[in-house]
Amino acid sequence: LFLGSSVTFGFGALGESFVDYLWKKDGIAAIKDAVHGTTLVDQDTIYHGDSYVARFKENLKTPIDMLVLQLSTNDARTNQKLGKVSDDDHFDTQTIIGAMEYIVSQAQATWHCPIMIYTNPYFENKLYEQMVKAAHQLAQKWNIEVLDLYNNPDFKDQPALYMADEIHPTRAGYLEKWLPVFEDELTKILAKK
C-alpha cells in the first residue's frame with residue numbers, strides 16, 4: 001500500500017509515479033492510494049474523508065505486505081500543527097506527528113508488516129524540515145524505515161528534466177532518479193521480512 005498525495009500519484013508526470021514503475025518493471029502489486037492536495041492531518045481537503053488517516057482506515061480491510069507512507073508536503077504548505085511524539089497510545093490525528101503515529105500503530109497492529117516513510121527531496125520549508133526530523137524519531141520509536149530524499153545530496157538542486165517544480169518529479173525524475181532508490185530500499189526491507 002502506497003499512501004500519499006500528489007507526489008505518490010505522479011502529479012508532475014501525467015499521473016504516473018515511481019509506484020507505477022515498480023508495478024510495470026518489478027511486478028509489485030501496488031495499491032496506489034494517492035489524492036492530490038491531501039494531508040496527513042485528519043481534515044477534509046477536497047472532499048469528505050480524503051485525509052491520509054481517513055483513506056488509511058478504508059484500506060485496513062485489505063491485507064497488505066508493506067506500507068509506504070509519503071511524508072506530505074501539503075501539511076507543510078498549509079502550515080498544519082506538528083504535534084509531538086506520544087508517550088502513550090493516544091495519537092492526536094489533528095497533528096502531523098499524531099496522524100503518522102496513528103497510521104503506523106494501526107498498520108503494525110493490523111498487518112504486522114514492514115513500514116517505510118519516504119520524504120520529498122529538499123525544498124525550502126522549515127516545517128517540512130521538522131517533519132523529516134520527526135519521521136526519523138518515529139522510525140526509532142516504532143522500528144520502521146525512513147527513505148530520506150530530503151537530506152540526500154543526489155536529490156538536491158535537480159534539473160528541470162527531473163523535477164516539474166520544487167515538489168513534483170517529472171516522468172524522467174521518477175524513472176531515472178526515484179525508481180532505483182525505491183527498488184534498492186524496498187528490496188532491503190522486504191528481504192528482512
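Residues numbered from 1 in each chain as written. Predicted model: local features only at pLDDT ≥ 70, side-chain atom pairs only at ≥ 80, totals over all residues. Heavy atoms only, no water.

Here's the deal with the sheet that holds strand E4 (residues 115–118)
Rule in force here: Strands are treated as partners if at least two bridges between them are detected by DSSP. Secondary structure is summarised from DSSP: a helix means a run of H or I of at least four residues, a strand means a run of E of at least two, and numbering begins at the N terminus for each. Lines fitted to the C-alpha atoms define the axes, with helices restricted to the stretch that makes contact. Angles between their N-to-C directions range from 0 to 180 degrees. The contact criterion used throughout is that any non-hydrogen atoms of two residues lie within 4.5 Å.
Within the open sheet, the five strands sit side by side as E2-E1-E3-E4-E5. Their pairing is parallel. Here the strands that pair on one side only, and so sit at the sheet edges, are strand E2 (32–34) and strand E5 (145–147). Within the sheet, the average angular offset between the axes of one strand and its neighbour, ignoring direction, is 20°. Relative to E4, strand E3 (residues 67–70) runs parallel, the two being bridged by four bridges. Paired with Gln 70 across the strands is Tyr 118, a residue of E4. Helix H2 (residues 18–26) contacts strand E1 (2–4), E2 and E4 of the sheet and is inclined by roughly 165° relative to E1. Contacts between helix H3 (residues 52–59) and the sheet are confined to E1, E2 and E3, with E1 contributing the most and set at about 155° to the helix.

Topic: the packing of H2 against helix H7 (residues 171–192)
Note the following rule: Each angle receives one of four descriptions, namely roughly parallel if under 35 degrees, roughly antiparallel if over 145, roughly perpendicular if within 65 to 115, and oblique otherwise. Two helices crossing with the near one rotated counterclockwise from the far one by less than a right angle form a left-handed crossing, whereas a clockwise rotation gives a right-handed crossing. Residue classes follow a fixed rule: Ala, Val, Leu, Ile, Met, Phe, Trp, Tyr, Cys and Pro count as nonpolar, while Asp, Glu, Lys and Arg count as charged, and any other residue, Gly among them, counts as polar.
Contact geometry for H2 and H7: axes closest at 9 Å, N-to-C directions at 65°. With respect to each other, H2 and H7 are oriented roughly perpendicular. Remark: the crossing between H2 and H7 carries right-handed chirality. When H2 is examined against H7, the residues Phe 18, Tyr 21, Leu 22, Lys 25 and Asp 26 are found in contact with a partner set consisting of Arg 171, Tyr 174, Leu 175, Trp 178, Leu 179, Phe 182, Glu 183 and Leu 186. Its residues placed into classes, the contact of H2 with H7 shows nine nonpolar, no polar and four charged.

Re unusual backbone geometry
Glycine aside, residues mostly have negative phi, and peptide bonds are mostly found in the trans state. Applicable threshold: Relative accessibility decides the category of a residue: with a 1.4 Å probe and only protein chains considered, values under 20% of the type maximum give buried, values over 50% give exposed, and everything between is partly exposed.
The phi dihedral of Leu 14 falls on the positive side, at around 60°, and the residue is not glycine. The backbone of His 112 shows a phi angle near 50°, a positive value even though the residue is not glycine. The topology assignment puts His 112 in the loop between helix H5 (96–111) and E4. Look at His 112 and you get exposed, because its relative accessible area is 66%.

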